[in-house]
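One letter stands for each residue in the lines below.
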Amino acid sequence: MAEDIEAEVLVLGLGAVGAAVAYQLDRRGRDFIGIERQPAAGHAFGSSHGETRITREAVGEGLDYIPLVKRSHEIWAELETPARTLRHEVGVLYLSCGEAGAARHGATDFITATRKAAKVAGVDLVRMDASALRTAYPRFEVTDDTVGYLEPRAGYVRPEACIAAQLEAIAAPDGKLRYGETVLDLDEAAGGVRVQTDLSTYRARQVVVAMGAWIPGLVGDPFSREVEVLRQVQHWFLADPQGPWAAGGGPAFLWFHGPGPNDVFYGFGTTPGGRAGVKVATEQYALSGAPDDTDWAVSQAESQAMFDTHVRGRLVGVTAERVDAAACLYTWNGRADAAGHKGRFLIGPHREIPGVTVVSACSGHGFKHSAGLGDAIVRQMLGEAPLPGCDLSVFRPDA
Ligand SMILES: Cc1cc2nc3c(=O)[nH]c(=O)nc-3n(C[C@H](O)[C@H](O)[C@H](O)COP(=O)(O)OP(=O)(O)OC[C@H]3O[C@@H](n4cnc5c(N)ncnc54)[C@H](O)[C@@H]3O)c2cc1C
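Residues numbered from 1 in each chain as written. Predicted model: local features only at pLDDT ≥ 70, side-chain atom pairs only at ≥ 80, totals over all residues. Heavy atoms only, no water.

A. Geometry of the sheet that holds strand 17 (residues 318-333). The strand order 6-7-5-14-15-16-13-17 describes an open sheet built from eight strands, whose pairing is mixed. In the strand order of this sheet, the two ends are held by strand 6 (126-128) and strand 17, each with one partner. Direction aside, neighbouring strands of the sheet carry axes that sit 20 degrees apart on average. Note that strand 13 (residues 227-239) and strand 17 share twelve bridges and pair antiparallel. In the strand pairing of strand 17, V229 is matched with T331. The strands touched by helix 3 (residues 110-121) are strand 5 (92-97), strand 7 (146-151) and strand 14 (252-256); relative to strand 5, the strand with the most contacts, the crossing angle is about 140 degrees. The strands touched by helix 8 (residues 300-311) within the sheet are strand 13, strand 15 (264-268), strand 16 (278-281) and strand 17, with strand 13 carrying the most contacts at an inclination of about 75 degrees. (Pairing = 2+ DSSP bridges. Helix = DSSP H or I, 4+ residues; strand = E, 2+ residues; numbered from the N terminus. Axes fitted to C-alpha atoms, helices over the stretch in contact; angles between N-to-C directions. Contact = heavy atoms within 4.5 Å.)

B. Structural detail: the packing of helix 1 (residues 16-27) against helix 9 (residues 367-381). Following both chains from N to C, one finds helix 1 and helix 9 inclined at 45 degrees, their axes separated by 8 Å at the closest point. Relative to helix 9, the element helix 1 lies oblique. Considering only the axes of helix 1 and helix 9, their crossing is right-handed. Across the interface between the two elements, A16, V17, A20, V21, Q24 and L25 from helix 1 touch F367, S370, A371, L373, G374, D375, I377, V378 and M381 from helix 9. Of the residues belonging to the contact of helix 1 with helix 9, the class tally is eleven nonpolar, three polar and one charged. (Parallel < 35°, antiparallel > 145°, perpendicular 65-115°, else oblique. Left-handed = near helix turned anticlockwise from the far one by under 90°. Nonpolar A, V, L, I, M, F, W, Y, C, P; charged D, E, K, R; others polar.)

C. Expanded view of the packing of aromatic side chains. Under the defined criterion, the tally for this structure stands at 18 aromatic pairs. Where Y65 meets F395, the ring centres are 5.2 Å apart and the plane angle is 35 degrees; that geometry is what we call tilted. One end of the pair, Y65, is in the loop between strand 3 (53-55) and helix 2 (66-79); the other, F395, is in the segment after helix 9, with 330 residues separating them in the sequence. Of the two residues examined, Y65 and F395, each falls in the buried class. Judged by centre distance (5.5 Å) and plane angle (40 degrees), the rings of F345 and F395 are tilted. Taken together, the residues F345 in the loop between strand 17 and strand 18 (346-349) and F395 in the segment after helix 9 connect sequence positions 50 residues apart. In this structure F345 comes out as buried when scored by relative accessible area, which is 1%. Residue class for F395 comes out buried when judged on its relative accessible area of 1%. Each member of the aromatic cluster is reached from another via a ring pair, and the members are Y137, F140, W245, F253, W255 and F265. Over the face of the ring belonging to W245 we find R139, whose NZ or CZ atom lies 4.2 Å from the ring centre. A cation over an aromatic ring shows up here: R275 above the ring of W236, its NZ or CZ 3.9 Å from the ring centre. (Phe/Tyr/Trp six-rings, centres within 6.5 Å; stacked < 30°, edge-to-face > 60°. Buried < 20%, exposed > 50% of the residue type's maximum accessible area, 1.4 Å probe, protein only. Lys NZ or Arg CZ within 6 Å of the ring centre and 35° of its normal.)

D. A look at the site of the ligand. If you check the shell around the ligand, you find 34 residues, and the closest are E36, H43, S48, C328 and A361. E36 places a side-chain nitrogen or oxygen 2.6 Å from an oxygen atom of the ligand. Between H43 and the ligand, the recorded distance is 2.7 Å, taken from a side-chain N or O atom to an oxygen atom. Taken by itself the ligand offers 1000 Å² of open surface, and the protein chains cover 98% of this. Of all the secondary structure elements, the ones that give two or more residues to the shell around the ligand are helix 1, strand 2 (32-36), strand 3, strand 13, strand 17 and helix 9. Ranked by residue count, the leading element in the shell around the ligand is strand 17, at three residues. The residue inventory of the shell around the ligand, partitioned by class, reads 15 nonpolar, 14 polar and five charged. Both domain 1 (5-48 + 160-226 + 338-395) and domain 2 (87-156 + 230-329) contribute no fewer than three residues apiece to the shell around the ligand. (Near = heavy atom within 4 Å. Polar contact = N/O pair within 3.5 Å; in protein donor to acceptor, adjacent residues only side chain to side chain. Areas by Shrake-Rupley, 256 points an atom, 1.4 Å probe, with all protein chains shown as cover. Domains from an automatic or database assignment.)

This is a description of form; function is not addressed.
This is how it looks when you write it as structure tokens:
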């Protein structure tokens, strides 16, 4: 029988979180192996594809995320080259009817939560009334009661490029990064953890499970009890070449156009080298399912409904002609914390197997934190000083 392949650390899944953990281990010269079931990184069958992810330091989802996003911004800056921009500071515009934005990611009043977070993060938000918005941004058809807050130094990151940049920075990756290999099981073993894949058996002192929507199926409770997998859709619509979206660029926007939880959508102007078209998306929380049963195809009817419900009458000159669409997965934690926030990350040890850290960082807002989270996780795992201001224990699920 073949011997177990040994490493100090195994990283299971090389999406946003796994790539960040692997990069941080490599920077410290540690012995690790990363295992990814898809044939290459930056694929379209998880939670990290679609060209753009909003990033903002005024984190309305909770103040404890601020050190993570700030650290992510530092890490992405260190990986940028003249030929590769990872973060685009085009600004993020928060639009709402009146001052209180509707519910989002568990915050019942997302705009107020964002303003509070801006103060803590040391970020200036620029307030604009409807008239100022119409002058500055003719691409948005706003109602008279619309209020906007611009976070000028926010914007978007390119998720596939961020993942690739971290993995490509790993020295001598052959052998360390294994693609097209599926993790099947975890077990306690002498001196650590045994991991069974469809190709090999591994043994390591520590394991990080970063398998996104597939985490609940591998590790069981409390993660499987706390998280649901929700299919989401990103749509790209053609903009009138004579209209205000034709020039591309920012800001990215997050628009609460009514008081209900479904009266919200977000989007981005066309991006350099990206798909032709304005990207928009909303969020759905009603339908959950097993990740392997996901319907990755997006029907024309889904895109038409998105256009009719959110885009029509709001984005000037954006047509109903669909350029593309892509399904994507949220790993959603629906339980509210003490402050009433839902959508919290779940990060903690495996209930039964010592040496295993499980990192579920999705719920629709995790990408911006992922690089910083990689650093924070590795610091914790290696017994280093924690990332300043960051306490990962706040994300620990109930046992
Ligand atoms: C539509 C959409 C929009 C979003 N918008 C934003 C946004 O604007 N801003 C923001 O900050 N965040 C946003 N997010 C959230 C963010 O993208 C996620 O938090 C983040 O991508 C999650 O990364 P992950 O590493 O947990 O999962 P993934 O990136 O999916 O990585 C998990 C990896 O594990 C692999 N894997 C699974 N099972 C196995 C197995 N058995 N063996 C080996 N490998 C396996 C998968 O193939 C995958 O590569 C959005 C998410 C979606 C879906």
